[in-house]
Amino acid sequence: MSKAKIVVTRRWPDEVEARLHDRFDTVLNEADEPMSNEQLRAALREADALLPTVTDRVDAAVLSEPDRRARIIASYGVGFNHIDLAAAEAAGLTVTNTPDVLTDCTADLAITLLLMVARRTGEGERHVRAQAWSGWRPTHMMGTSVTGKTLGLIGMGRIARAVAQRAAHGFGMRIVFHDPFPPDAAQLEGLNATACKSPEAVFEQADFVSLHCPGGKQTYHLIGAAAFAAMRPDAFLINTARGDVVDEQALIEALEKGEIAGAGLDVFEHEPRVSPELLGLENVVLLPHLGSASRETRVAMGMRVLENLEAFFAGDVPRDKLV
Ligand code: 8YV
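In short, a report on the structure. (Residues numbered from 1 in each chain as written. Predicted model: local features only at pLDDT ≥ 70, side-chain atom pairs only at ≥ 80, totals over all residues. Heavy atoms only, no water.)

Another aspect to go through is the environment of S292. Following the sequence through the fold, S292 ends up in the loop between β12 (284-286) and α13 (295-313). Among the residues examined, S292 registers a relative accessible area of 10% and is labelled buried. In this structure, the C-alpha to C-alpha distance between S292 and A107, residues 185 residues apart in sequence, is 9.1 Å. Once residues lying within four places of it in the same chain are set aside, the contact partners of S292 are L102, C105, T106, T297, R298 and M301. Of the polar contacts made by the side chain of S292, one reaches the side chain of R298; its length is 2.9 Å. (Helix = DSSP H or I, 4+ residues; strand = E, 2+ residues; numbered from the N terminus. Buried < 20%, exposed > 50% of the residue type's maximum accessible area, 1.4 Å probe, protein only. Contact = heavy atoms within 4.5 Å. Polar contact = N/O pair within 3.5 Å; in protein donor to acceptor, adjacent residues only side chain to side chain.)

What follows is about the packing of helix α1 (residues 14-23) against α13. Two elements in contact, α1 and α13, have axes separated by 9 Å at closest approach and are oriented at 15 degrees. On the basis of the axis angle, α1 is roughly parallel to α13. Considering only the axes of α1 and α13, their crossing is right-handed. Touching D14, E15, V16, R19, L20 and R23 of α1 are R295, R298, V299, G302, M303, L306 and E310, all from α13. (Axes fitted to C-alpha atoms, helices over the stretch in contact; angles between N-to-C directions. Parallel < 35°, antiparallel > 145°, perpendicular 65-115°, else oblique. Left-handed = near helix turned anticlockwise from the far one by under 90°.)

What follows covers the nonpolar core. Ranked by internal contacts, the top residues of the largest apolar core, which has 49 residues, are L51, L151, L153, M156, I175 and L309. Sorting elements by how many residues they give to this core places helix α5 (residues 103-118) first, with eight residues. Counting residues domain by domain, this core receives three or more from each of domain 1 (5-101 + 295-313) and domain 2 (103-286). Once you skip the residues sitting within four places of it in the chain, L51 turns out to touch I6, V7, V8, T9, W12, L20, A74, V305 and L309. Among the nonpolar cores identified, the runner-up in size contains 31 residues, and C196, A201, V202 and V246 belong to it. (Core = buried A, V, L, I, M, F, W, Y, C linked by side-chain atoms within 4.5 Å. Domains from an automatic or database assignment.)

As a structural note, the neighbourhood of the ligand is formed by T53, V54, Y76, G77, V78, G79, L102, R242, H289, S292 and R298. Between V54 and the ligand, the recorded distance is 2.9 Å, taken from a backbone N or O atom to an oxygen atom. Note that an oxygen atom of the ligand is positioned 2.8 Å from one of the side-chain N or O atoms of H289. Per-class residue counts for the shell around the ligand are four nonpolar, five polar and two charged. (Near = heavy atom within 4 Å. Nonpolar A, V, L, I, M, F, W, Y, C, P; charged D, E, K, R; others polar.)

So, on to the pattern of salt bridges. Overall, the coordinates contain 21 salt bridges when judged by the stated rule. D48 is the partner of R69 in a salt bridge, and the nearest nitrogen-oxygen pair spans 3.0 Å. With R69 in the loop between α3 (60-63) and β4 (72-74) and D48 in the loop between α2 (37-46) and β3 (49-51), the pair connects residues that are 21 residues apart, well separated along the chain. Residue classification places R69 among the partly exposed positions, given a relative accessible area of 39%. Note on D48: relative accessible area 15%, which makes it buried. Here the salt bridges do not stand alone but share partners, grouping E38, R41, R45 and E65 into one network. (Salt bridge = Lys/Arg side-chain N within 4 Å of Asp/Glu carboxyl O.)

A cis amide bond links E271 to the next residue, P272, at an omega of 5 degrees. Of note, the phi angle at N192 is positive, near 55 degrees, even though the residue is not glycine. The topology assignment puts N192 in the loop between α8 (185-188) and β8 (193-195). Although it is not a glycine, H289 adopts a positive phi angle of roughly 50 degrees. Here H289 is to be found in the loop between β12 and α13.

On to the side chain of H82. Relative to the helices and strands, H82 is located in the loop between β4 and α4 (85-90). Looking at H82, its side chain comes within polar contact range of the side chain of S75, at 3.0 Å. If we ignore the near neighbours within four places in the chain, the residues touching H82 are T53, V54, D56, R57, V58 and S75.

Turning to empty space enclosed by the protein, a few remarks are in order. Within this structure, the stated rule accounts for one cavity of 30 Å³ or more. By volume, the largest cavity is sized at about 40 Å³. Along the walls of the largest cavity sit N239, G243, V246, E248, L251, L265, V267, F268 and E269, which together make up its complete lining. Residue classes in the lining of the largest cavity are distributed as five nonpolar, two polar and two charged. (1 Å grid on protein atoms, 1.4 Å probe; cavity = no way out; pocket = protein on both sides within 12 Å on 5 of 7 lines; lining within 4 Å. Points joined across faces, edges and corners; volume = space filled by probe spheres on them.)

This paragraph deals with the sheet that holds strand β10 (residues 236-239). If you trace the seven strands from one edge of the open sheet to the other, you get β8-β7-β6-β9-β10-β11-β12, paired in parallel fashion. Taken across any chain shown, the strands that pair with only one partner, and hence form the sheet edges, are β8 and β12. Going from strand to strand, the sheet's axes swing by 20 degrees on average, the running direction of each strand aside. Strands β6 (150-154), β9 (208-211), β10, β11 (262-265) and β12 of the sheet are contacted by α5, whose axis makes an angle of about 150 degrees with β10. Most of the contacts of helix α7 (residues 158-171) go to β6, to which it runs at about 175 degrees, and overall it touches β6 and β7 (174-178). (Pairing = 2+ DSSP bridges.)

And the structure:
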């Protein structure tokens, strides 16, 4: 039987690419640059499967390709706001993602950002590298304690619960959260977590607000001027979810006015562009979308895509089918 043809839009870890070559007629994007809409459409015309990432905008226009051969979009990553699911479903396409395998890795990074921004470690590192450090003194670069504080979570899915687990058990934090579709009691066991009826109730209590909701229309600019006004002036915002959940301009204003104490950001509204005002602020930590960027996790994500594809081409329902 001939191998199904797949187009992979970005380079993946070597061992996953080797496995893909083994099982499929695999076309790689050797340049590893984001594909244009026309290139995505061409891939849909020429291959049985498209394997995109967050940097590919698989929108209704791309999906309207009339001479489409592809039957599945097997995305690399858990978030799927870069794919128009309704248009894909209407076109009869199957779409899959890669949940579970990146939960711990992303939770680790949220905690990294929380600690970095509270304890001013980015600032401290820049200080040492600039050879500006004159020596220890009692008042030098005092940050904010983390242990025993209150962590507010917006969204209480897999990644949020992994963050809560680390915060509660590693740092004795109290957890408050809001999720319109809260998990059941069993999933919250041992997390020291209290549900709030609204995001505002979370903002009012939290020393740290960490975002774990999906991106997309429903959550666009969920965190804007009103949220910052409701947050405490000594609170920090952590975002490892999607950039456009936060109104970046409102965040800049809140930081400049001292409405909040700082922010730890792994994602940005107009990625990879970062607002220049943020670059000039010492009380923000900026990372280049590293949530799932451990070697082990990126390999596991690739293997999960492979598993979804193999199930699909064997005529089974892939375990991570979204539509
Ligand atoms: C991925 C992510 O690296 O999985 C997600 O939703 O945000 C990242 O961890 C990226 O999306 C890959 O497509």
